[in-house]
Amino acid sequence: MSGSGANPFVQFQESFTQDGNVYKYFDLPSIDSKYDSLPFSIRVLLESAVRNCDNFHVLEKDVQSILGWTPSLKQGTSDVEVSFKPARVILQDFTGVPAVVDFAAMRDAVRELGGNPEKINPICPADLVIDHSVQVDFVRSSDALTKNESLEFQRNKERFTFLKWGARAFDNMLIVPPGSGIVHQVNLEYLARVVFESDSSADGSKILYPDSVVGTDSHTTMINGLGVLGWGVGGIEAEAVMLGQSISMLLPEVIGYRLEGKLGPLATSTDLVLTITKHLRQLGVVGKFVEFYGPGVAELSIADRATISNMCPEYGATVGYFPIDENTLSYMRQTNRSEKKIDIIRKYLKATRQLRDYSLEDQDPQYTESVTLDLSTVVTSVSGPKRPHDRVSVSSMCEDFKSCLISPVGFKGFAIPPSALAASGEFQWDDGKSYKIGHGSVVIAAITSCTNTSNPSVMLGAGLLAKNAVQKGLSILPYIKTSLSPGSGVVTYYLRESGVIPYLEQLGFDIVGYGCMTCIGNSGPLDENVVNTIEKNGLVCCGVLSGNRNFEGRIHPNTRANYLASPLLVIAYAIAGRVDIDFETEPLGVDANGKEVFLRDIWPTRSEIQEVEHKHVIPAMFQEVYSKIQLGSRDWQTLEVSDSKLYPWSGISTYIKLPPFFEGMTRALPKLKGIEKARCLLLLGDSVTTDHISPAGSIARKSPAARYLSERGLTPRDFNSYGSRRGNDAVMARGTFANIRLVNKLATKTGPSTLHVPSGEEMDIFDAAERYASEGTPLVLVVGKDYGSGSSRDWAAKGPFLLGIKAVIAESYERIHRSNLVGMGIIPLQFLPGQSAETLKLSGREVYNIVLPEGELKPGQRIQVDADGNVFETTLRFDTEVDITYYKNGGILNYMIRKMLD
């Protein structure tokens, strides 16, 4: 376990005293004169590298590489890999459950090996917010919230009980109960520190450093609006950080995005983020940092900035970063952070030149490239019908939708034939009336998602619009599934205090729950009469939501067109009942006097909204809501959990199961040996993504996972999804490589099947792996280029490990997935340049022997592979000494267990 050492930058530590406490920090500007030219986001990476430099996990060359960042750095041609240790980790419940399962299993392993299991705790602070479970089943009633939350508990009681146990059992892990809000909004309003302070074990002083975070949800990026550097990662990376390890990343290009001018009186932050999303998608910022600057930034509230940062995954960047300014500190005051804390933060940021004034051009750093947006040019917009970056101005919406109907099938087309353009259907509703719908009819209207519900300006704007609409006598058709799911209790508080809730409820926007809900597809069922009418007539009906993603099939199977819009426009389109409306020329309805009412007659101005916001969004609200956030609902409080520090695993649970990752583990390192007489489980081509590998979505009725659940008495209606069963390795192993579009050259058909070579039988991939295991045969994968591309997913590495895969031989790897394979103790080998399975004439039917050297392994060394006498060399893709240490231990979790036994 050797390799760590003293920090070579300790001489750059400075300190100040406040209220009798000594605060130490690294004086970054004094390290190198190049510091002031660095983007502010890169300065956060630099501080982390300087503070954590031990020449093992974080090397001195990492610091020099970050200091050497220049605008000329180009990804793909001058890649520079560095290590980064975030200050904390944030998890949501679907991805958090496997992390807690692994920590619980590690405790069991430590006990079995004679150690103290209570030493297993997150080293890096971890916050887990339960927000992905609640579904919109009940709407348009005063008890919709209670009913939906009750159903949520019925469906997820077992997972919730496990997580509540975790909240008690582990130190340094905070679990926010269900019904509290959306993870990213709770992060913004409550969990974020902006600047961390931790105790120094040496002399009792406190260490100050920038808050930074990685999270197991792609929209972790929202926190960049508060000046906290953060982005989404896979589960294995998150667990590694929780265990005190660094993550590897490429030093990014940084695109400067200059904002100038002011938003118009009718424009919203949603309109702004949809405009930026389309612009940056066109520019191409995948894998890059985007950093906002210019005088226009000062015109945006922190909530506005967070809205822009939230949709970072939709415009493709790693982060959309807003450096900290005085507005950031004012937001901290508004959200009830202490004045003493704010003073310390300001002092530290000034000392390290990380507090900026957007009006001062001499503070602008260098960027790889700069682009500009004049805020005054932003117009009222939506995005859709199938992608978040396909922005459409509301003034063009009517014609754009009609164009989409007749365009070829694609992101902007449905290929409706001319003869079917006027298609429509009628149905009876509970009120005894008959209603007619056609192409463009709105059937779902949801104010949802942290993108917008974290922003008081658009939420209060929606409330004021609802008030104006009701007072004008407008209403919403009863079959439209309307819902309001705030991102935190604070939203409900200020909507209630401002007096707009009765008007929202009158239009059908009752509060239905606190969580992601419609935005992640938890929209619940539509009425059967509506569904039958849509399906019978082949209608392109619509969902309108204030979310961040609208990919085809995500929101609801029966809404083929889905538009992202501000909460105000969600209500407007719900009142209209259709999206093919020209708001300028067509009225929403008539008032009591028979006068036509247009959208412009009920739309509140930005100044009107700000007046209400300043009056009603106050620190006392945040204090009241967040002071009791860990209490949870009555259902949560009555969940009975064990007080044991070891989890009482149930042998019959189909949700939570002790994983076999540490079976047979010993205190001593296992002897390093090669892989003998292995078989190829899969022979795959290029661009196999984590979507192909990792279990996701619904569980097919004839799959190995379905058989497993059926054998335990479950019916298909109770299978739930792979996501909900991430805490059960038996289900997840059976779902690995279960993608119906997987092309395996050992199989005769597309899908999750392969050849068991010794018998010549074709069977499900899991069944083949199980048979090989019973025969004592290790397995390898032989694949093409870019193996493991796509989203980082822990089960894309855990699943293959459980199938018995010992090594992968690929033409190339996606960077993070290679790291995840190492983290699970799987050897990543790479064909030499110009070689591949095809050039080497590998059929996948061979017996494979992989020879590891008797001496020390070295990063990047040549490794010989013998495939039935066809001998070839590969490159060992252990890229660092840390990789080799993890592999020798059987993976990162095993490494940490042995470390705790020292």
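- The protein has the name Cytoplasmic aconitate hydratase in an unreviewed UniProt entry, where Drosophila mauritiana is given as its organism.
- The Subcellular location (unreviewed entry) comment attached to the protein in UniProt states, word for word, "Cytoplasm".

Here's the deal with the sheet that holds strand β4 (residues 88-92)
Thinking step 1. What the five strands build is an open sheet, ordered β6-β5-β4-β9-β10; its pairing is parallel. Pairing within the sheet leaves two strands with one partner each, and these edge strands are β6 (173-176) and β10 (229-232). For this sheet, the mean angle separating the axes of adjacent strands, direction not counted, is 15°.
Thinking step 2. Here β4 pairs with strand β5 (residues 126-129) via four bridges, running parallel. Of the residues in β5, the one forming a bridge with Q92 is V129.
Thinking step 3. Of the strands in this sheet, β4, β5 and β6 touch helix α5 (residues 183-191), which is tilted by about 140° from β4.

What about unusual backbone geometry?
Thinking step 1. The amide bond that connects G384 to the next residue, P385, takes the cis arrangement and shows omega of 15°.
Thinking step 2. Topologically, P385 is positioned in the loop between β16 (381-383) and β17 (391-393).

Some words on the domain arrangement of the protein
Thinking step 1. Taken domain by domain, the protein consists of domain 1 (88-377), domain 2 (381-617) and domain 3 (675-901).
Thinking step 2. Measuring from the centre of the C-alpha atoms in domain 1 to the corresponding centre in domain 3 gives 32 Å.
Thinking step 3. Across the boundary between the two partners, domain 1 contributes 27 residues, which contact 22 residues of domain 3.
Thinking step 4. Surface buried jointly by domain 1 and domain 3 totals about 2,200 Å² across both partners, of which 67% is contributed by carbon and sulfur atoms.
Thinking step 5. Of all residues in domain 1, F94, I236 and Q245 give up the largest surface area on contact with domain 3, accounting jointly for 26% of the area buried on that side.
Thinking step 6. D102 serves as the salt-bridge partner of K798, at 2.6 Å between the closest nitrogen and oxygen.
Thinking step 7. On inspection of domain 1 and its partner domain 3, the count reaches five residue pairs in polar contact (both at pLDDT 80 or more).

Conventions used here
Residues numbered from 1 in each chain as written. Predicted model: local features only at pLDDT ≥ 70, side-chain atom pairs only at ≥ 80, totals over all residues. Heavy atoms only, no water. UniProt positions renumbered as here; feature names shortened; annotations may be inferred. Pairing = 2+ DSSP bridges. Helix = DSSP H or I, 4+ residues; strand = E, 2+ residues; numbered from the N terminus. Axes fitted to C-alpha atoms, helices over the stretch in contact; angles between N-to-C directions. Contact = heavy atoms within 4.5 Å. Domains from an automatic or database assignment. Buried area = accessible area lost by both parts, 1.4 Å probe. Salt bridge = Lys/Arg side-chain N within 4 Å of Asp/Glu carboxyl O. Polar contact = N/O pair within 3.5 Å; in protein donor to acceptor, adjacent residues only side chain to side chain.

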